[in-house]
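Residue-level listing of the chains:
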Amino acid sequence: MLINGALVHGGTTAAVINPASGQEFERVPNASAADVDSAVAAAKAAFGGWAALPFAKRAACFISFAALLERDKGRLAAALSQEQGKPLKPFAVGEVKMAIGKAKACADSANELVPEEYERNTKGRCTCLWAPRGVVAAICPWNFPLAIAVNKMLCPLVGGNTVVLKPSPMTPLSTLLLSDLAMEAFPPGVVNILAGGSDVGAVLVEHPDVATVTFTGSSATGKRIMASASPSLKKAPRRSCGSANASASRHDPGTKRACVPQAMFNTGQVCVALKRLYVHASQYEEMVAALGAEAREKVQQLGDGLTPGTVYGPLNNAMQRDRVEELVEDARADGARVVAGGERVRPPSAPQGFFYAPTILADLPDTARIVREEQFGPALPVLSYETVDEAVERANDSEYGLGASVWGANRAVNTQRPTPTQAGSIWINNHLGSGLDIDAPFGGVKESGIGKENGGKLAFKAFCDEKYLYAPFPL
Ligand code: NAD
């Protein structure tokens, strides 16, 4: 772990399991409450100096961090593939590249938070100044551990905050490997990295010297974090949470080709992946058959992430595999038709791993748990609709609102349809294919989140307080 510019071993250790083998392959430290105190104290002490640095000096640290990520790309990608399960190429390597892109973007002088004139009248002018808040606690999930960790580490730093970062206990390794790099690139205390589970996370977010919490994970944990941060009235924790993203399709041949890859990418463990598909009744059977055939083909592409040719890895952990299985079995018991998959798989390269076959479910009601809850795995329920308004209404009937997509051959109709859709990101004739760029704002509505991540300056302003300076005019 990294505390105050030094590597720290911690008193106890925890196992890291490779989900392709089901076996422990590494041990990592576990932070104690005292480690949390030390990390927060270090971040607090470093805050004044870091915030006072001119932007160009902070930018030089981001550039140096990007170069170190580039140097260690191979080592980081291999650790990521082994602990998360995703195929080394192109996905684990691609995730490290995303992190490098983020570090470079943070250094861009266009992203400096300069004072902004807010109002000017005959009596004077009002200028908005962006003031960093202090220590930011950053809590990460296990699906894109490295890209999310680097995003959450760097965005608060741009405006002058300091950070204590905690990865998921399922995927701590690639984040802990960032400790050496952060130690070299940043002054002591500016970045601190701890490992541990929900207990360590809870101590961190409740710490009185933490000014803001940034969190990505499930909605249930997001609510717990909101509750534990509220006694000290921490600035609105920025959280990105769970989802049950919907797509509605009519007369678009692209849907058949695109839906399976877009639902199964990262083995379905993508917050914004396609998680429910509504298809017009006139095309339902044809679509279900095409999706089923596509899903069956994908079974051959499952395997160990380090084995060349693997396109889909295992679920990240046994609990998640069991959850997907439970939701599919629940739907089956309710009369759903299992068109493809619906069972565990033992790929030749990883027979003991946490694999579940790409699954297509048909003829299930909107009340099925796999329609209402977040499956976070490779199982796609396909539902039939009669009118587009009905499809939009049913898609909106969810506590979630992260992503949605509308598919159809009629461009004019498509561009109207997204308006009533309750989601933070809405794609037309596409899902996930664009809009997750580091420059595009991203975040959910309803229980899928508060605030946006990415989006250039938006992401950096979110960690700063606005201060308004009133001055007579002319000065
Ligand atoms: P999770 O909620 O179980 O855990 C996330 C993190 O929170 C972990 O680091 C965990 O140790 C920590 N944590 C748990 N309880 C805590 C507490 N009381 N106080 C402080 N920290 C605590 O989520 P997960 O299973 O790791 O990730 C999967 C979830 O993440 C899915 O629901 C997915 O949709 C969501 N997700 C959302 C986005 C998004 O941008 N909306 C992106 C990625 C993942």
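Quick notes on the rules
Residues numbered from 1 in each chain as written. Predicted model: local features only at pLDDT ≥ 70, side-chain atom pairs only at ≥ 80, totals over all residues. Heavy atoms only, no water. Helix = DSSP H or I, 4+ residues; strand = E, 2+ residues; numbered from the N terminus. Buried < 20%, exposed > 50% of the residue type's maximum accessible area, 1.4 Å probe, protein only. Contact = heavy atoms within 4.5 Å. Domains from an automatic or database assignment. Buried area = accessible area lost by both parts, 1.4 Å probe. Polar contact = N/O pair within 3.5 Å; in protein donor to acceptor, adjacent residues only side chain to side chain. Nonpolar A, V, L, I, M, F, W, Y, C, P; charged D, E, K, R; others polar.

Enquirer: Residues and numbers for the side chain of T162, please.
Expert: The topology assignment puts T162 in strand β8 (residues 162-166). The class for T162 is buried, based on a relative accessible area of 0%. Apart from residues no more than four positions distant in its own chain, T162 is found in contact with A43, K44, A46, F47, W50, G134, V135, V136, L157, G189 and V190.

Enquirer: Tell me about the domain arrangement of the protein chain, residues and numbers included.
Expert: For the protein chain, the domain assignment lists domain 1 (2-242) and domain 2 (246-428). Spacing between the C-alpha centres of domain 1 and domain 2 amounts to 31 Å. Contacts between domain 1 and domain 2 engage 23 residues on the former and 26 residues on the latter. Of the roughly 1900 Å² buried where domain 1 meets domain 2, counting both sides, 63% is carbon and sulfur surface. The tally of links from domain 1 across to domain 2 stands at seven residue pairs in polar contact (both at pLDDT 80 or more). Breaking the side of domain 1 that touches domain 2 down by element, the ones donating at least two residues are α3 (73-84) and α4 (88-107). Here the element with the most residues in the side of domain 1 that touches domain 2 is α3; it accounts for four residues. When the residues that make up the side of domain 1 that touches domain 2 are grouped by side-chain class, the tally is 10 nonpolar, 10 polar and three charged.

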